[in-house]
Amino acid sequence: MTASRLIPVILSGGSGSRLWPLSRSLRPKQFLGVTEDASLFQLTLQRLQGITADAMRPIVVANHEHRFLVGEQCREAGVEPLSILLEPVARNTAPAIAVAALAALATGADPVLLVLPSDHTFANVPAFHHAVRVGLKAAEGGALVTFGIVPTHAETGYGYVKASMALDANAAVPVQQFVEKPDLATAQAYLKDSSYTWNSGMFMFKASVFLEELGKANPAMLQACLGAWNNAQKDLEFVRLDQEAFASSPSDSVDYAVMEKTSKAVVVPLDAGWNDVGAWSAVWQVLPQDAQGNATRGDVLLEGTKNSYVHADSRLVALIGVEDLVVVETSDAVLVAHKDKAQDVKKVVDRLKAQKRPEVDQHREVFRPWGSYDSVDSGGRFQVKRIKVKPGAKLSLQMHHHRAEHWVVVSGTALVRLGDESKLVTENESVYIPVGVKHALENPGKVALHLIEVQSGSYLGEDDIVRFEDLYGRI
């Protein structure tokens, strides 16, 4: 048993609704290039490089709907996780960490877990690494470590951690109390008191110590998580937690479930240019700004504009004579908001949910484990899609009861199975898929396959798919 081995635990189950319309429930902010071309999740993976000499591969806890996103983005980042645990339902951070701790103990060691949300940014990665090494010493000694962000301003949107004595960048200090989000006057008082830090949502502790403290504070949660882990099923590269057991767990954050109740909590101060990218105004703060205080991404033209953030996803966006705005354009939605009201984007998302609008869940381009499809046009009895299939990828063997399809290959080579026959279809060639015929599409080549699909029929919904074979277990 090597107690000092370190296993990062990356929590990636959030919805990121305050970064709508870029963030959607099926492709939330942590899997998007919000601040750089790499996603926030991939930046978290990159940040682990060189963190300690004996760090093991990470454990990722993810929503089962995001499993292929996690797998693909890990491959792109060149990281093979120790395990990818799939939550069948959302139960907040405490159960997620508990199942990760059980997975860590299954390695045969009692490692220290470094628990990290997947949507944070750091301007100073070496300072982050230093804080982790300070926390590691305390965690090896049996403490439950939280990382407190050294405040830069009076913030009312975060909880605070009060240390029992003056903070030291090279030491872990006992926690006196966790404090709820304050009003402005209280936050201003906290800013002047160096014993207060922002609660970052990052933690460090030995797997066994966390589970022991969870068992004392919330035995029902621990039992539910034990059931979910013991009855988990392996699925490709993923571990599916038992749905009934996990759903029976109380839903609670690690702060409420454990950290506020334990006598072993300590805090390590962290001053590393941290940002939780919780709203578009936070994205504006993170990105470089021009002389007028504007930050932009994409094809943007500004004239007489100040202190604004503009994100252009699919077309040119121009602003003239305005200031303090957030403008975010995607192929199917545009957000315009005052920068001071950026937190209220969630209210719009809640209204869209109530109206059952598809813009809550997915973009016009929908990603699948084999590639993606983009709905280009549609009418009463037709729909046109642009389909991209990754090299070596294959769609399921399937049929449709209500629609026929016509495929035109734009680039690459398609291997098409139609009934009992298979044939290669190359650029500028096409194939017709009649209603009710089994068919499959595969990219046998080394470059991406692009094709245009024209669907026609009485019903064109995605639920008119009967699968017979599928590499990705979706039957």
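The coordinates are above.
Just so you know, these numbers come straight off a predicted model, no measurement behind them.

(A) Just the overall build of the protein chain, in detail. Broken down by element type, the protein chain carries 11 helices and 30 strands. Scaling as 2.2 N^0.38, a compact globule of 475 residues should have a C-alpha radius of gyration of about 23 Å, and the protein chain matches this with 24 Å. A principal-axis box enclosing the C-alpha atoms of the protein chain has dimensions of 75 × 60 × 40 Å. Going through the 475 residues of the protein chain one by one, you find that 52% of them count as buried. A sequence separation of at least 24 residues applies to 69% of the contacts in the protein chain between residues at least 6 apart. By element, 50% of the accessible surface of the protein chain is carried by carbon and sulfur atoms, the whole surface being about 21,000 Å². Each charge class in the protein chain was averaged separately, 47 positive and 55 negative side chains, and the resulting centres sit 2 Å apart.

(B) Just the sheet that holds strand β14 (residues 295–297), in detail. What the four strands build is an open sheet, ordered β14-β16-β18-β19; its pairing is mixed. Edge positions in the open sheet fall to β14 and β19 (334–338), since each of these has one partner strand only. The average angle at which neighbouring strand axes cross in this sheet is 5°, direction not considered. For strand β16 (residues 309–312) and strand β18 (residues 325–329), the ladder comprises four bridges, and the chain directions are parallel. Looking at β18, one finds that valine 310 is bridged to valine 327.

Rules used throughout
- Residues numbered from 1 in each chain as written.
- Predicted model: local features only at pLDDT ≥ 70, side-chain atom pairs only at ≥ 80, totals over all residues.
- Heavy atoms only, no water.
- Helix = DSSP H or I, 4+ residues; strand = E, 2+ residues; numbered from the N terminus.
- Rg over C-alpha atoms; globule rule 2.2 N^0.38 Å.
- Buried < 20%, exposed > 50% of the residue type's maximum accessible area, 1.4 Å probe, protein only.
- Contact = heavy atoms within 4.5 Å.
- Areas by Shrake-Rupley, 256 points an atom, 1.4 Å probe, with all protein chains shown as cover.
- Lys, Arg positive; Asp, Glu negative; His and termini not counted.
- Charge placed at Lys NZ, Arg CZ, Asp CG, Glu CD.
- Pairing = 2+ DSSP bridges.
- Axes fitted to C-alpha atoms, helices over the stretch in contact; angles between N-to-C directions.

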